[in-house]
Amino acid sequence: MLSLAAEGGHNPIVPLWQEIVVGTVAFALLCFVLMKYVFPRMEQTFQARVDAIEGGIKRAEAAQAEANQLLEQYRAQLAEARTDAAKIRDDARADAEGIRSDVLAKAREESDRIIQAGKDQLAAERATIVRELRTEVGTIAVDLASRIVGESLVDEARRKGTVERFLADLEGVGAGNGSANGSAVRTS
């Protein structure tokens, strides 16, 4: 290698001055073109990206704020709906209680009416049975008395009067003593 440098040849480690000048001019021209045209475009592109990202973030924040506001509105509406539902439920319970009390009152009235009708019917049947029993008891008593006395009590007016007196005496004894023991019958 030393032989090449000694011969007057060119050292490959050290460049030629012409190459340095051309390289410097080309580098300066490249830097000028980059700074004049490319870097501003790149800066515009980066700025557009930054604006898009920041705008996206701002839009996302605005959308988030709007979503939060809508969420609060929905929660308020939900709370209002729950309050309305509770009010409707309470009103329905009150209406149901009113209807229940009305139905119970009507049922009581109907029950009282049915009981009174039953009592009236029983009283009418009792009066009918008492009337029929009086007639039957009177007939049996007259027949029995006729057999005991030995004379015929055919006279209808006499028979009715005797039977009525007998029954009245029985009722008087039953009302006076609280029971019909038959002692008034023997004394009559």
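Computed from a predicted model, the values in this text were never measured in an experiment.

## Topic: the overall build of the protein
Helix and strand counts for the protein stand at four helices and zero strands. Along the protein, helices and strands appear, N-terminal first, in the series α-α-α-α. Counting only residues that meet the buried cut, the protein has 4% of its 188 residues in that class. Put simply, the protein shows about 16,000 Å² of open surface, and 62% of that area lies on carbon and sulfur atoms.

## Some remarks on the UniProt feature "coiled-coil region" (unreviewed entry) in the protein
The positions that UniProt labels "coiled-coil region" (unreviewed entry) are, in the present scheme, residues 53–91. Annotated as 100% helix and 0% strand, the span residues 53–91 places its first and last C-alpha atoms 55 Å apart.

## Observations concerning a nonpolar patch on the surface
On the surface, L29, F32, V33, M35, Y37, V38, F39, M42 and F46 cluster together to form a nonpolar patch covering roughly 900 Å² of accessible area. Mapping Y37 onto the fold places it in helix α2 (residues 17–149).

## Considerations on the UniProt feature "transmembrane region" (unreviewed entry) in the protein
Here the UniProt-annotated "transmembrane region" (unreviewed entry) positions come out as residues 20–39. Taken end to end, residues 20–39 is 100% helix and 0% strand, and its two terminal C-alpha atoms sit 26 Å from one another.

## Focus on the pattern of salt bridges
If you walk through the whole model with that rule in mind, you get five salt bridges. A salt bridge links E97 to R100, with the shortest nitrogen-to-oxygen separation between them at 3.3 Å. Separated by three residues within a single helix, E97 and R100 lie in helix α2, roughly one turn from each other. A residue is classified by how much of its surface remains accessible, and E97, at 43% relative accessible area, is partly exposed. Among the ionic pairs, R113 bridges to E110, the shortest N-O distance being 2.3 Å. Remark: E110 and R113 occur in helix α2; sequence separation between them is three residues, near one turn of the helix.

Rules behind the numbers
Residues numbered from 1 in each chain as written. Predicted model: local features only at pLDDT ≥ 70, side-chain atom pairs only at ≥ 80, totals over all residues. Heavy atoms only, no water. Helix = DSSP H or I, 4+ residues; strand = E, 2+ residues; numbered from the N terminus. Buried < 20%, exposed > 50% of the residue type's maximum accessible area, 1.4 Å probe, protein only. Areas by Shrake-Rupley, 256 points an atom, 1.4 Å probe, with all protein chains shown as cover. UniProt positions renumbered as here; feature names shortened; annotations may be inferred. Patch = residues over 30% accessible without salt bridge, like charges linked within 9 Å, V, L, I, M, F, W, Y side chains within 5 Å. Salt bridge = Lys/Arg side-chain N within 4 Å of Asp/Glu carboxyl O.

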